[in-house]
Amino acid sequence: MYTWSFAPILQASDLFLWGAWITIVYTVASIAVGLVLGLLLCFARLSGIGPLNWLAQGFQELFRCTPLLVQLLWIYYALPLLLGFDLANWAAALITLSLYAAAFYAEVFRGGIVSIDKGQSEAGSAIGMSNWQVMRRIVLPQAIRRMMPAFINQSVTQFKNTSLISVISVAELTYMASIVNGQTYRPLESYTVLAVLYFAILFPITKFADIVESRTRNGH
Amino acid sequence: MTSVPPQSARETVLEARGIVKRFGAMTVLHGIDLSLTSGEVVAIIGPSGSGKSTFIRCMNMLEVPDAGEISFRGRRVGPKFRGAGDMLGLGELRRHVGMVFQHFNLFPHMNVLENVIEGPITVQRKPRGEAVDIAMDYIAKVGLAEKRDARPDQLSGGQKQRVAIARALAMQPDALLLDEITSALDPELVGEVLGVVRGLAEQGMTMVLVTHEISFAADVSDRVVFMEAGRIAEQGSPERILHNPDNDRLKTFLARFHG
């Protein structure tokens, strides 16, 4: 019978806390960069300019149809060989996570925008609004509300995906758990604490997403 | 603000010349001419698929014609939002020519007042106080003053359409385009909307209305235009068109209503 002992793990609680902090930093940073890039991609897709649309779509498919882990390994180990310079692991991690987020966010934004009835933009145009005014005043406020649940969902996934950057030795939460495991030889406790920490952070966020979603569905 | 031209000066407000519109391989408008003088009410009737709605949407360039031109007060309307040289921009055309749609198209994220002040504030750059005064004037005119804070989803179809009319009027347009504005309404709600349109006609508002309400068209309009397969088949005074038609297709079309 296995005897659980969390005492050695708790002694390493500063490692877990630091790891959780790093995970949050990478999540927030990659969401922020991904948001801006995602918006640009989305507007490129909707621009009606052929080459711009194809370029943006190609980028999206590339990042949506390969595993994040493979992207991470390729950008960290392969890309520097191609370009002839070194890429620090933190930079490779941030770049990959951000590009990955951008590809998915762009699709969330695009879906939200095209779901708004064409009559809405026509009504805006009919009172003399420019395309930009129609987008800013009429389409985006409605689209943002509609895309919110999908956006939060994607961001929750993004938080979990940061665990993959441990394979290139970025000292986030999952990496710290394997350090603690190495020091204590207690994988059961180390990885249980790891799972509990992810859950404790994400559960409130998914609950919040549910509330947002039900409010969206009820029209407010 | 907008100067109302004297009734005697019957100048042309909006004019369509040779409007052709194709959707893919299908030609839906085969060169339509129509001019609208100030204070005139023109009703466009015709069977479904005759191109009535496409044509009225060409008049404010929501549909861009494949050939022909629209001019507003003698100025040709260009293809771009901003005017250039002699060409009038789409933005300016639409500031002067309002439109009301079959499906209302109210902005669901704004209340009644916000829907109506949106144009004056965002497009005409009026100060908020002034925009609210103008908007409340028209909201009261369509009988919805007590609904100013209601959301569109709290209104009946007839109320929504009256707000949509107030939204178009708040731009103080020179002409209004009404595109089958009662077609999506329950029969018992049609009257309240037509009542508002009748009031506008009596006050001399220049209007083009596409409608299936034949007797209303006869009642309120100065001229009835009968469209058929993308062409104007017949036009004239309501009395002549509706009670003494020459055109066989028009006779067949009207028989359905008199039936």
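Above this text is the structure in question.
Quick notes on the rules
Residues numbered from 1 in each chain as written. Chains lettered and ligands numbered in written order. Predicted model: local features only at pLDDT ≥ 70, side-chain atom pairs only at ≥ 80, totals over all residues. Heavy atoms only, no water. Helix = DSSP H or I, 4+ residues; strand = E, 2+ residues; numbered from the N terminus. Buried < 20%, exposed > 50% of the residue type's maximum accessible area, 1.4 Å probe, protein only. Areas by Shrake-Rupley, 256 points an atom, 1.4 Å probe, with all protein chains shown as cover. Lys, Arg positive; Asp, Glu negative; His and termini not counted. Charge placed at Lys NZ, Arg CZ, Asp CG, Glu CD. Rg over C-alpha atoms; globule rule 2.2 N^0.38 Å. Contact = heavy atoms within 4.5 Å. Buried area = accessible area lost by both parts, 1.4 Å probe. Salt bridge = Lys/Arg side-chain N within 4 Å of Asp/Glu carboxyl O. Pairing = 2+ DSSP bridges.

Peer 1: Any chance you could explain the overall build of chain A here in plain terms?
Peer 2: Broken down by element type, chain A carries nine helices and zero strands. Traced from its N-terminal end to its C-terminal end, chain A shows the element sequence α-α-α-α-α-α-α-α-α. Dimensions of chain A, computed from the C-alpha atoms along their principal axes, are close to 75 × 50 × 25 Å. Counting all 220 residues of chain A, 43% fall into the buried class. Just so you have it, chain A exposes about 11600 Å², and 69% of that area is on carbon and sulfur atoms. Counting 13 positive and 10 negative side-chain charges, chain A places the averaged centre of each group 11 Å from the other.

Peer 1: Just to check I follow, could you spell out the overall build of chain B for this structure?
Peer 2: Across its full length, chain B carries nine helices and 10 strands. The C-alpha radius of gyration of chain B comes to 18 Å, within 12% of the 18 Å expected for a compact globule of 259 residues. If you line up chain B on its principal axes, its C-alpha atoms span 55 × 50 × 45 Å. Here chain B holds 259 residues, and the buried ones make up 56% of them. Taking as baseline every contact in chain B between residues at least 6 positions apart, the subset at least 24 positions apart corresponds to 65%. Approximately 11100 Å² of chain B is accessible, and the part contributed by carbon and sulfur atoms is 47%. The averaged location of the 32 negative side-chain charges in chain B is 5 Å from the averaged location of its 30 positive side-chain charges.

Peer 1: Whenever I open this one, the interface of chain A and chain B confuses me. Can you help?
Peer 2: With 20 residues of chain A at the contact, the number on the chain B side is 24 residues. When the two sides are added together, the surface that chain A and chain B hide from each other amounts to roughly 1800 Å², 59% of it contributed by carbon and sulfur. Counting across the interface, chain A meets chain B through two salt bridges. With a shortest N-O distance of 2.7 Å, Arg57(B) and Glu122(A) are connected by a salt bridge.

Peer 1: Where do I start with the sheet that holds strand 5 (residues 75–76) of chain B in this structure?
Peer 2: Backbone-to-backbone hydrogen bonds pair the strands of a sheet. The strands run either parallel or antiparallel. Residue and element names in this part refer to chain B. Strand order across the open sheet formed by four strands is 2-1-4-5, with antiparallel pairing between neighbours. In this open sheet, the two strands that pair with only one neighbour each are strand 2 (26–37) and strand 5. Sheet analysis places strand 1 (residues 12–23) next to strand 4 (residues 67–72), joined by five bridges and oriented antiparallel. Note on strand 4: the bridge partner recorded for Ala16 is Ile70.

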